[in-house]
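The residues making up each chain are set out below.
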Amino acid sequence: MASSVAPLLQPRDNFSSVKLLAESPSLDFIPSSYAYFNAHPHDSVASDPQVSIPVIDFSLLSSNNPDQRLQAIRDLGRACQDWGFFMVVNHGIPESLMNAIIDVTNEFFNLAEEEKMGYETKHVLDPIRYGTSFNTSKEQIFLWRDFLKVFVHPDFHCPRSPRVFSELLEEYAKRTRGVARELLGGISQSLGLEEGYIAKLLDFDSGVQIYVANYYPPCPQPELAMGIAPHSDHGLLTLLLQNGVGGLQIQHNGKWVNVNALPNSFLVNTGDHLEIVSNGKYKSILHRAVVNNKTKRISIAMANGPSFDACVAPASPLLTDSHGNQIPGLYAPMKFREYLERQQGNKLDGKSCLDRVKVSICTPQ
Ligand SMILES: O=C(O)CCC(=O)C(=O)O
Ligand SMILES: [Fe+2]
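Report follows, based on the coordinates. Quick caveat, the model's predicted, so the values are computed rather than measured. (Residues numbered from 1 in each chain as written. Chains lettered and ligands numbered in written order. Predicted model: local features only at pLDDT ≥ 70, side-chain atom pairs only at ≥ 80, totals over all residues.)

Looking now at the pairing of strand β5 (residues 209-216). For β5, the tally of buried residues reaches 7 of 8 residues, placing the bulk of the element in the interior. Judged from the 7 bridges that link them, strand β4 (residues 146-153) and β5 form a sheet pairing that is antiparallel. Directly across from F147, in β5, lies its bridge partner N214. Relative to strand β12 (residues 297-304), β5 is paired through 8 bridges, and the arrangement is antiparallel. The residue bridging Y211 from the neighbouring strand is M302, located in β12. (Buried ≥ 20, exposed ≤ 12 C-beta atoms within 10 Å, placed from the backbone. Helix = DSSP H or I, 4+ residues; strand = E, 2+ residues; numbered from the N terminus. Pairing = 2+ DSSP bridges.)

In structure tokens, the structure reads:
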């Protein structure tokens, strides 16, 4: 592994985005402030070969055949329990819309830097936020990533340009929220709850949905840099779309595994609030994104969560076993808004935010 880092490159503060830095002429080495793997020597690289992740055929979840539907719910439950991650096919969202949202996202990042900087805001819950890395005020080592985060539900927001952005994003947000809701219904049933139980409990109809676009330019030293550091997502279900370029890795059985998406599919991961509401039966998945030296990668994560004011705690029917005995709740209740503020206001650090709501249980001797 090449570990040479040019010591005399300009400090990153001269660049408002990693896109600008990557476009600077003859950039052969990355500044040391981007050398993530030097600063985190214990973060291992992904193991090969790739393993096959669970695939959920979305059309079977709404099948008229009860056996098919039951099987789809079982598969969904198993994917959540064993992986916290699955690929969704046959979801019904037109390929043209998926391509269009990638294209318009690319156009946004191609806008003049000054225009994008108009969306560089101070507060993590501001409805439109453009930036680089994750939270530069808390980080010493920066991620090879620029981002745009937009709150699209319950109130819809969107940058003014590109001109077609708003129309496309509104439609895309609505369609992905529909898929997330149907998946959540199946997941609810896989836990032995009514189909609408989790959605009602967490007020999904007023739920927070965030469009998170990640822009990873080609990197001259991809073996040193990190696109997005290991983390789990807040919320319930994240639907991820990418521009046909891989880079996502998930942690499975203690190893980093590369995941590649089938064309026109979504990569879905379970979030911290699904772990909480299921009382730990379904764990939120730890994931990260690595970069490459050939092509830019764009990914769009649609994060679907509870309403801001929902106080999330383990679902009460899951706190009694089949003999009527009490099962301890493993997570302390917290309002979703507060959790979001804490998670977004710090640096990305694995599952540290979730760990703070975990209840320590003293087992009797
Ligand atoms: O770019 C990716 O593949 C992952 C992005 C991600 O994890 C996120 O935006 O939360
Ligand atoms: Fe994520």
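So that's the structure; there's more coming.
Counting buried positions along strand β7 (residues 237-242) yields 6 of 6 residues, so the element is predominantly enclosed. Taking every second residue as pointing to the same face, both faces of β7 are buried, with L237, L239 and L241 on one and T238, L240 and Q242 on the other. Alignment of β7 against strand β10 (residues 266-270), held across 4 bridges, turns out to be antiparallel. Across the sheet, residue L237 finds its bridge partner in β10, namely T270. With 6 bridges connecting them, β7 and β12 associate as antiparallel partners. Residue pairing across strands places Q242 opposite S299, the latter belonging to β12.

The full set of residues close to ligand 1 is V212, N214, I228, D233, L240, G247, L248, H287, A289, S299 and A301. Classifying every residue of the shell around ligand 1 gives 6 nonpolar, 4 polar and 1 charged. (Near = placed C-beta within 6 Å. Nonpolar A, V, L, I, M, F, W, Y, C, P; charged D, E, K, R; others polar.)

Okay, the sheet that holds strand β2 (residues 85-89) next. Read across the open sheet, the 8 strands follow the order β1-β2-β10-β7-β12-β5-β4-β3; overall the sheet is mixed. What marks the edges here is a single partner per strand, and that holds for β1 (55-57) and β3 (128-132). Strand-to-strand twist across the sheet, computed as the mean angle between neighbouring axes with direction ignored, equals 25 degrees. Of the pairings in the sheet, the one linking β2 to β10 comprises 4 bridges and is antiparallel in character. Along β10, the bridge assignment pairs F86 with V268. The strands touched by helix α7 (residues 165-190) within the sheet are β2, β4, β5, β7, β10 and β12, with β7 carrying the most contacts at an inclination of about 130 degrees. (Axes fitted to C-alpha atoms, helices over the stretch in contact; angles between N-to-C directions. Contact = placed C-beta atoms within 7 Å.)

What follows covers the nonpolar core. Soluble globular proteins tend to bury their nonpolar side chains together. Among the nonpolar cores identified, the biggest contains 93 residues, and W144, Y211 and A225 are the most heavily contacted of them. Considering every element that reaches this core, the biggest residue donor is α7, with 8 residues. The contacts of Y211, once residues within four sequence positions are left out, are V150, V152, L169, A173, I300 and M302. (Core = buried A, V, L, I, M, F, W, Y, C linked by C-beta atoms within 7 Å.)

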